[in-house]
Amino acid sequence: MRLRHTLGAPALVGTLPASAGAAVGTFSYVSPEYGDFDITDPVGSECFLLLQGATSAVNGTNSTATLYADRGCEEPLSTLDPGAARGFAEPVPHSVSFA
């Protein structure tokens, strides 16, 4: 049985326009040890940790996802355009940000 976890973008205090750096949609990935995860409406300037790395990912957002080899969004590995999906072998991505 697979578990689906959902990670939401952090709540923002105050009112910001929709174009304030948030991607719209869901980025989904599979962690080899923890199953399926979703990141919904991620804030573009945030770095999101991919628990135990991602063996595959689907970018269902309207923004390009940049995947990183490290856990701090400092070592770019590849990108996923909106609507794209991909499987990963070693090295697997361990973090993601959106532009």
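Only a predicted model underlies this, so the values are computations on that prediction, with no experimental measurement involved.

Caption draft 1: Spotlight on the overall build of the protein. Helix and strand counts for the protein stand at zero helices and nine strands. Starting at the N terminus, the α and β elements of the protein follow one another as β-β-β-β-β-β-β-β-β. Per-residue burial for the protein yields a buried fraction of 38% across its 99 residues. Contacts in the protein between residues far apart in sequence, at least 24 positions, make up 59% of those at least 6 positions apart. For the protein, the exposed area adds up to about 5,500 Å²; of that, 54% sits on carbon and sulfur atoms.

Caption draft 2: Representation of unusual backbone geometry within the structure. Of note, the amide linkage connecting Glu-90 to Pro-91 takes the cis form, showing an omega dihedral of -5°. Mapping Pro-91 onto the fold places it in the loop between β8 (85–87) and β9 (95–98). A positive phi angle is found at Asp-41, which is not glycine, with a value near 50°.

Caption draft 3: Representation of the side chain of His-94 in the model. With respect to the helices and strands, the residue His-94 is situated in the loop between β8 and β9. Within polar-contact distance, the side chain of His-94 engages the backbone nitrogen of Gly-53 at 3.5 Å. When residues no more than four places from it in sequence are discounted, the contact partners of His-94 are Phe-48, Leu-49, Leu-50, Gln-52, Gly-53, Tyr-68, Ala-69, Asp-70 and Arg-71.

Caption draft 4: Highlighting the sheet that holds β9. What the four strands build is an open sheet, ordered β4-β9-β6-β7; its pairing is antiparallel. Whereas interior strands pair on both sides, the edge strands pair on one side only; in this sheet they are β4 (48–49) and β7 (76–80). Bridge analysis of β4 against β9 gives two bridges, and the strand direction is antiparallel. Bridge pairing links Leu-49 to Ser-95 in β9.

Caption draft 5: Spatial organisation of the pairing of β9. Of the two faces of β9, the one holding Ser-95 and Ser-97 and the one holding Val-96 and Phe-98 are both buried throughout. Sheet analysis places strand β6 (residues 65–68) next to β9, joined by four bridges and oriented antiparallel. Counterpart to Leu-67 in the pairing with β9 is Val-96.

The rules behind each value
Residues numbered from 1 in each chain as written. Predicted model: local features only at pLDDT ≥ 70, side-chain atom pairs only at ≥ 80, totals over all residues. Heavy atoms only, no water. Helix = DSSP H or I, 4+ residues; strand = E, 2+ residues; numbered from the N terminus. Buried < 20%, exposed > 50% of the residue type's maximum accessible area, 1.4 Å probe, protein only. Contact = heavy atoms within 4.5 Å. Areas by Shrake-Rupley, 256 points an atom, 1.4 Å probe, with all protein chains shown as cover. Polar contact = N/O pair within 3.5 Å; in protein donor to acceptor, adjacent residues only side chain to side chain. Pairing = 2+ DSSP bridges.

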